[in-house]
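Given next are the chains, with one letter for each unit.
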Amino acid sequence: MTVTPPRPNKSPLHAPSAATSPDTPGPDAVALNQALNQMRATAPLVQNITNYVAMNMMANVMLAAGASPAMVHAKAEAPEFVKIAQALTINIGTLSPRWVESMMATAEAAVSHQKPWVLDPVAVGATDYRRQVAADLLHAKPSIIRGNGSEIMALAGVQATGRGVDSADTVELATEAAETLARDHGAVVAVSGPRDYVTDGARRAWISNGHPLMPRVTALGCSLNGIIAAFTATGSDAFTSTVAAMAFYGVAGDIAGEQARGPGSFVVAFLDALMAVDGDSLALGARVTLPS
Amino acid sequence: MTVTPPRPNKSPLHAPSAATSPDTPGPDAVALNQALNQMRATAPLVQNITNYVAMNMMANVMLAAGASPAMVHAKAEAPEFVKIAQALTINIGTLSPRWVESMMATAEAAVSHQKPWVLDPVAVGATDYRRQVAADLLHAKPSIIRGNGSEIMALAGVQATGRGVDSADTVELATEAAETLARDHGAVVAVSGPRDYVTDGARRAWISNGHPLMPRVTALGCSLNGIIAAFTATGSDAFTSTVAAMAFYGVAGDIAGEQARGPGSFVVAFLDALMAVDGDSLALGARVTLPS
Amino acid sequence: MTVTPPRPNKSPLHAPSAATSPDTPGPDAVALNQALNQMRATAPLVQNITNYVAMNMMANVMLAAGASPAMVHAKAEAPEFVKIAQALTINIGTLSPRWVESMMATAEAAVSHQKPWVLDPVAVGATDYRRQVAADLLHAKPSIIRGNGSEIMALAGVQATGRGVDSADTVELATEAAETLARDHGAVVAVSGPRDYVTDGARRAWISNGHPLMPRVTALGCSLNGIIAAFTATGSDAFTSTVAAMAFYGVAGDIAGEQARGPGSFVVAFLDALMAVDGDSLALGARVTLPS
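This section reports on the structure supplied with the text.

Thresholds, definitions, all that
Residues numbered from 1 in each chain as written. Chains lettered and ligands numbered in written order. Predicted model: local features only at pLDDT ≥ 70, side-chain atom pairs only at ≥ 80, totals over all residues. Heavy atoms only, no water. Buried < 20%, exposed > 50% of the residue type's maximum accessible area, 1.4 Å probe, protein only. Helix = DSSP H or I, 4+ residues; strand = E, 2+ residues; numbered from the N terminus. Pairing = 2+ DSSP bridges. Right-handed = clockwise from strand over helix to strand, strands pointing away. Contact = heavy atoms within 4.5 Å. Salt bridge = Lys/Arg side-chain N within 4 Å of Asp/Glu carboxyl O. Axes fitted to C-alpha atoms, helices over the stretch in contact; angles between N-to-C directions. Least-squares fit on C-alpha atoms with pLDDT ≥ 70 in both. Expected span 1.5 Å × (residues − 1). Bend = angle between axes of the 7 residues up to and from the residue. Parallel < 35°, antiparallel > 145°, perpendicular 65-115°, else oblique. Left-handed = near helix turned anticlockwise from the far one by under 90°. Nonpolar A, V, L, I, M, F, W, Y, C, P; charged D, E, K, R; others polar.

The next subject is the pairing of strand 1 (residues 45-49) of chain B. Residues and elements named next belong to chain B. Counted residue by residue, strand 1 has 5 buried out of 5 residues, so it is predominantly covered. Here strand 1 shows two buried faces, one formed by L45, Q47 and I49 and the other by V46 and N48. Pairing of strand 1 with strand 2 (residues 68-71), which is carried by 4 bridges, proceeds in the parallel orientation. Bridge pairing links N48 to M71 in strand 2. As for the winding sense of the linkage, the β-α-β connection from strand 1 through helix 2 (residues 55-65) to strand 2 is right-handed.

Between chain A and chain B, the residue contacts involve 34 residues of the former and 32 residues of the latter. Between chain A and chain B we count 1 salt bridge in total. Between R130 of chain A and E77 of chain B there is a salt bridge whose closest N-O contact spans 2.6 Å. For the side of chain A that touches chain B, the elements supplying multiple residues, two or more each, are helix 4 (97-112), helix 5 (128-139) and helix 10 (263-276) of chain A. Among the elements that take part in the side of chain A that touches chain B, helix 10 of chain A stands out by supplying 4 residues, more than any other.

Residue and element names in this part refer to chain C. Strand order in the open sheet formed by 9 strands is 2-1-3-4-5-6-7-8-9, with mixed pairing between adjacent strands. This sheet does not close on itself; its edge strands, each paired only once, are strand 2 (68-71) and strand 9 (288-289). Looking at chain direction, strand 1 (residues 45-49) and strand 3 (residues 87-91) are connected through 4 bridges and run parallel. In the strand pairing of strand 3, N48 is matched with T89. Relative to the sheet, helix 9 (residues 238-259) contacts strand 5 (144-148), strand 6 (188-192), strand 7 (196-199), strand 8 (204-207) and strand 9, its axis offset from that of strand 6 by approximately 20°.

Further remarks concern the relation of the copies chain A and chain B. Applying a rotation about an axis and a shift along it to one chain copy brings it onto the other copy. Superposing chain A onto chain B requires a rotation of 120° together with a translation of 0.0 Å along the rotation axis, leaving an RMSD of 0.0 Å. Both copies are brought into coincidence by an operation consistent with a three-fold rotation axis. Across chain A, the smallest distance between a C-alpha and the rotation axis is recorded for Y52 of chain A, namely 3.8 Å. Looking at the interface residues of chain A, only 9% of them are also at the interface in chain B, so each copy uses its own face.

Looking now at helix 7 (residues 171-185) of chain B. Note on helix geometry: an α-helix contains 3.6 residues per turn, so any two residues three or four positions apart are oriented the same way. All names here are of chain B. Here helix 7 contains 15 residues, and its C-alpha end-to-end distance of 20 Å stays within 8% of the 21 Å for a straight helix at 1.5 Å per residue. Most pronounced at A177, the bend in helix 7 amounts to some 30°. Of the residues making up helix 7, those classed as buried are V171, A174, T175, A177, A178, E179, L181, A182 and H185. Buried-residue contacts for helix 7 involve helix 5 (128-139), helix 6 (149-155), strand 6 (188-192), strand 7 (196-199) and strand 8 (204-207). Just downstream of helix 7, G186 is the residue with a positive phi angle, here 60°.

Residue and element names in this part refer to chain A. Counting buried residues along helix 2 (residues 55-65), 11 of its 11 residues qualify, which places the element largely inside the surrounding structure. Every buried residue of helix 2 is accounted for by M55, N56, M57, M58, A59, N60, V61, M62, L63, A64 and A65. Following helix 2 by one or two positions, G66 has its phi on the positive side, about 115°.

Quick look at the packing of helix 8 (residues 220-234) of chain C against helix 9 of chain C now. Residue and element names in this part refer to chain C. Taken N-terminus to C-terminus, the directions of helix 8 and helix 9 make an angle of 135°; their axes are 8 Å apart at the nearest point. The angle between helix 8 and helix 9 falls in the class oblique. In this structure, helix 8 meets helix 9 at a crossing whose hand is right-handed. Two secondary-structure elements touch here, helix 8 through L220, S223, L224, I227, I228, F231 and T232 and helix 9 through A238, S241, T242, A244, A245, M246, F248 and Y249. For the contact of helix 8 with helix 9, the per-class residue count stands at 11 nonpolar, 4 polar and no charged.

This is how it looks when you write it as structure tokens:
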């Protein structure tokens, strides 16, 4: 499922002064630079059980960035495949009973082989089926959970507004739910929006990169899961890796936004930018703030 | 399934003088303008059960145009989801028994919740399975049926030419079948081609926008269903909404065609144009004629 | 599944002097020219059972090139559909039990109706399930087998290096395995890589067109299967058709590479080039060598 309601365009939301100060406990420019270089040097193999809408875009995003995607979802092989993968992502966008069985078995295999895995609870509030599947997957101990404000609130059991499928709730509204989820499940939680929020329950970061055209292109959120997984597979800790991955994604979005004339030309420029952005341009362009 | 046989390029087929005269009973320039503005102001949530080939493109087309797509097809949730959606589309492009069950149940749910739904009988003449599924869906009372000339003729039980899967039959050959279908099933019927034809059995319209590169890009027909559904969800009546949606799509195609150097650059320019075309440019560019 | 690990970019690998000399037994410039023109004149209908990641791109590639793709995979109709198709491709990228049943039945139907079919044993070495499915399909007598070096070696039962899912093995390492496969199964075997290798067990050709950005775009290998099938459906013999199809694909890649600034702009230029390249530019640009 892809659900991204168009909204009036706003100019990019940039935090007024967002340079990471070197004395904070979060990732500084050097750490971001290293995280990208390390991911590219390894080209980690990431297994993805994702929705039909996102598969192609996600593979292209990961290839452009320098990771190795593998879309393997059948129960007959997905749990076996996770052994040779370095990380896993599971996205509940397009569900069916056979896929859900495979998701559960593969998530459990990832945990038992100590491979990090990313959960994307797409539109979790929209139907009972989604709520049940997401709750079951949450118990399979994801390393990272990424969603929009409404999804993170719904997953945390907080009443969400809107029609239940779009991100009517802002990132700012969802920070408390994110921290609760992070602490209760020992996961890094990332909330996507005009500004992104990442927390592991103790540390927090805001990332203010990205462009308003991004929600006008389908599957860019889903594809980000693969980038987070690739950084986490090769990085030092999941919090730093997630922040670095989201900053990298946003910096590529900044660059693409400058060239785009609409969502079609945005995608083209975005894929080009994912390949072109290097550690130095990431360190220079990232707008990460670490609230105390 | 996607079946669009390349043909020799022709220059765009533009009706010689196609300005809508304000005294005809069909949609005039003001109505087209309003239809687009109303759709954009509402950003209707449209549920789509469509084929694997089209899912990504359809979502991107709808997001670019300003609608909110949701691809939800599993029987466990699709009939429930239709309650929060404002319209539904069903496309039989890639079939399997489980999907067919879900299509039937969701179409029935749409009717009982009074949500308009669009049927696309892809390649209905190609196999017995398709013929059966399309006939069953037809009895579930679609609000709008959209196909190419061969598909509309096959659905109406008229002998189609060609190999049964492509649009060997012209739009012009299919107008009678379209009117019969419309009257027998109380639906608006739209026939896509170099010129598009729309009828509800009483009213008729020809739309002469669009570009010969459009059939060289996969899933543009399927994606149009989502635009028609979005216009119908927010418009006054299904006939006017369908004409407005097809004119909007064609005007975006006209603009893209001017910039394209082939099917790759056409898609980029088309998505950009779907976002850029506003009510005024639609009213100005639309070539709609209303035969008496 | 899509598995294409990024590698350091190399400059295109062009054989130093690769003009086809007219006295060799392989396809010369005239044969290449004719093969493309014949394919375009016929616009053959090619049925594809391919993975979810590749479906959209494969359809767009085939439409751009001038063929007619049809993605039909359900067991209820796929074996019936093959009767009206002119060729078939089967790709084991995303597997599930129901799809495997349909693949077997459709391959057998293709053979009994004397339609050529192309097998793509994606990541055959990665899991037991894949090995079993590929072995079963091999017994259903594909006309052409196309894969990367690792896949061809794994299919031939030769120990492959690497993590089993990427093309750690070069084309050059796989030529012996390719010839064994070709002779044992009466098939044309094509090995994709910086240089492509084609053999029917008796004849051999190297094709040195293409661009290093091609493995950074997902599904370009899968999509090539459809081009090979289209050329084979309309050509004189499978070896010549496969060489012509791969040279055509590579020449389009050469042209796109000159315009691209990254994988996003590469795709756009590649689709445009697939439509723009004609018989003369193919004959002029192809770099085919025929080792004695």
